[in-house]
Amino acid sequence: MRGLRYVWLACALTTMAAPAWAARHPKPATNHKADVARDKALAGFQRDLVSVLAPRADALPLLGAALLARPLPNQPKYNSFHALIERAAQAQDAGPATDWVRLADCDAKADACPNREALSALQAKAPDNAAVWLLKLGDDQRQLHDDAARQDLARAAGAKLYDDYAGISLKALASTVAVLPPPATTLDPNDTAGAAGLQVMMVFGSARAQPQPNLPAAAKLCEGAADDAALKADCLKLGKVLEWGSSPLARSLGLHLRETLADDAAQQEDARQARRNLVWQVQNFAALSARAQTDPAVAQHLLTLARNGGSEMSLMLAALRNASIAAEAPADWKPGS
C-alpha cells in the first residue's frame, strides 16, 4: 500500500509534546547536573500527583492517576498503574475508555498482551466501535488465527464509529495535573511557558502510552482486496468509518483505503487531496504545539482544549482553527516542505 507508511509517520507527530519526565526529548547539553536534578524533581512531583489523586473514587481522576503512574519505577503496590487502573475500571462511572487503557495492564514478556479481560470487556461494552475489532484483528493475526481476523475486519467495517479513547485520556490527565502546583525545581529555565508548559508536557507525554490498534495489520489484510469482492467491500466500508475516526492515524488509513480501492477516479482523487490536507494539519499542529514550552498562552489553550474532551482529531482541528491556520493545504504546498 504505497505511501501509507509516510502518512503514519507524519500523523505520529500528533503526540505533540515531549513525553512525560521519564522519556523527554533530549535538549542540547547545558548543565548535566541540573538536568539530572530536574528529572529527579519531576519524578517526585509526578509521584506526589499520583498520591493526591489515588484516594479518589471516580473513574476520571483514577484514570489520570494510572496514566501518570505507569512510567514511574518502584511505585508502591497501592499506587501502581495496575492498582489504579483496576480501581478505575471498578468505579461506578467507569466506561469503555478505562478498559481501553487497562489493555496495557499486561505482561508483554509472557505474551499476555493485550489484557484479555479488558479486551473481552470492550467487545461487550463497545461492540459498535471499530477500534475494538481492529485491536482484536491485530491480536488474532499475531496468533495466526486468520479466519478470526477476517471476521474481525467485517465487524469493524460494520461498526458505527472509530474511537481509541485518547480524548478521554487527555481529559483525565489535563483535569488532574493541576491539582498541585509544580515546584520551581521541576521547571526548565529554557521553557519560558512555566508551569503550563510543564503540564502540557506531562499531559500529552503521558497520553503517548495510550494503547493503539494494529492498523498496519488491517492495512495488510486489505492489500489483497482488489481480487476479493467481499473483502474489498468490507475494506471500503471500514475506510468510511475510519475517515471519521477519532485519530489522524485512523483517518489516514481510511483515506488510503478509499484512494486505493475505490472504483471511481473522482473518489480516489478526493481521498488523495484529503490525505494531503491531513498531513498539512498534522505538521502545522506539531509546529504550533512546539510553542507550548515557550508560549504560556499556547500552553494554556492546549490544556483547555484537552480538558474540554472530544477526540484527538477534534482537538487538533480546534487548535488550528483558533490559531487561524487553515485546515486545507495551500495549492503549492507539498508534504514534508
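One structure accompanies this document, and this report is about it.

Focus: the side chain of serine 169
Stage number 1. Turning to its location among the elements, serine 169 is positioned in helix 9 (residues 166-174).
Stage number 2. In this structure serine 169 touches Leu63, Leu67, Val101 and Gln210, once residues within four positions along its chain are discounted.

A few points about the state of the cysteines
Stage number 1. Across all of its chains, the model carries 2 disulfides by this definition.
Stage number 2. A sulfur-sulfur distance of 2.0 Å marks the disulfide that ties cysteine 106 to cysteine 113. When the S-S torsion is 105°, as for the bridge of cysteine 106 with cysteine 113, the disulfide is right-handed.
Stage number 3. Its relative accessible area of 22% is what places cysteine 113 among the partly exposed residues.
Stage number 4. In the protein chain, the bonded cysteines, numbered by position in the sequence, are linked as 1-2, 3-4.

Focus on the side chain of lysine 136
Stage number 1. With respect to the helices and strands, the residue lysine 136 is situated in helix 7 (residues 130-142).
Stage number 2. Side-chain polar atoms of lysine 136 contact the side chain of aspartate 152, separated by 3.3 Å.
Stage number 3. Apart from the residues within four sequence positions on either side, lysine 136 is in contact with Gln123 and Asp152.

Side note on the pattern of salt bridges
Stage number 1. Using the criterion set out here, one finds 21 salt bridges in the structure.
Stage number 2. One salt bridge connects aspartate 58 with arginine 56, and the closest N-O pair in it is separated by 3.3 Å.
Stage number 3. Exposure remark for arginine 56: the relative accessible area of 39% places this residue in the partly exposed category.
Stage number 4. Here aspartate 111 ties to arginine 142 by a salt bridge, and the two come within 2.5 Å at their closest N and O atoms. Of this pair, aspartate 111 sits in the loop between helix 5 (96-102) and helix 6 (116-125) while arginine 142 sits in helix 7, placing them 31 residues apart in sequence.
Stage number 5. Among the charged side chains, a network of salt bridges with common partners joins Glu86, Asp99, Arg102, Glu117 and Lys125.

Structural notes on the packing of aromatic side chains
Stage number 1. The tally for this structure, following the rule as stated, stands at 2 aromatic pairs.
Stage number 2. Judged by centre distance (5.3 Å) and plane angle (80°), the ring pair of tryptophan 280 and tryptophan 333 falls under edge-to-face. One end of the pair, tryptophan 280, is in helix 14 (residues 265-290); the other, tryptophan 333, is in the segment after helix 16 (312-322), and 53 residues separate them in sequence.
Stage number 3. Taking NZ or CZ as reference, arginine 70 lies 5.5 Å from the ring centre of phenylalanine 81, over its face.

Here's the deal with the packing of helix 3 (residues 59-69) against helix 9
Any two packed helices are characterised by the angle at which their axes cross and by the distance between the axes.
Stage number 1. Interhelical geometry of helix 3 versus helix 9 gives an angle of 90° and a closest axis separation of 8 Å. One finds that helix 3 runs roughly perpendicular with respect to helix 9. Two secondary-structure elements touch here, helix 3 through Leu60, Leu63, Gly64, Leu67 and Leu68 and helix 9 through Ile168, Ser169, Lys171, Ala172 and Leu173.
Stage number 2. Looking at the contact of helix 3 with helix 9 residue by residue, the classes come out as 7 nonpolar, 2 polar and 1 charged.

Considering helix 10 (residues 194-207)
Stage number 1. A rise of 1.5 Å per residue sets the reference length of helix 10, with its 14 residues, at 20 Å; its end C-alpha atoms lie 20 Å apart and thus fit the reference within 8%.
Stage number 2. Regarding helix 10, the residues found buried are Ala196, Gly197, Leu198, Gln199, Val200, Met201, Met202, Val203, Phe204, Gly205, Ser206 and Ala207.

Rules used throughout
- Residues numbered from 1 in each chain as written.
- Predicted model: local features only at pLDDT ≥ 70, side-chain atom pairs only at ≥ 80, totals over all residues.
- Heavy atoms only, no water.
- Helix = DSSP H or I, 4+ residues; strand = E, 2+ residues; numbered from the N terminus.
- Contact = heavy atoms within 4.5 Å.
- Disulfide = S-S within 2.5 Å.
- Buried < 20%, exposed > 50% of the residue type's maximum accessible area, 1.4 Å probe, protein only.
- Polar contact = N/O pair within 3.5 Å; in protein donor to acceptor, adjacent residues only side chain to side chain.
- Salt bridge = Lys/Arg side-chain N within 4 Å of Asp/Glu carboxyl O.
- Phe/Tyr/Trp six-rings, centres within 6.5 Å; stacked < 30°, edge-to-face > 60°.
- Lys NZ or Arg CZ within 6 Å of the ring centre and 35° of its normal.
- Axes fitted to C-alpha atoms, helices over the stretch in contact; angles between N-to-C directions.
- Parallel < 35°, antiparallel > 145°, perpendicular 65-115°, else oblique.
- Nonpolar A, V, L, I, M, F, W, Y, C, P; charged D, E, K, R; others polar.
- Expected span 1.5 Å × (residues − 1).

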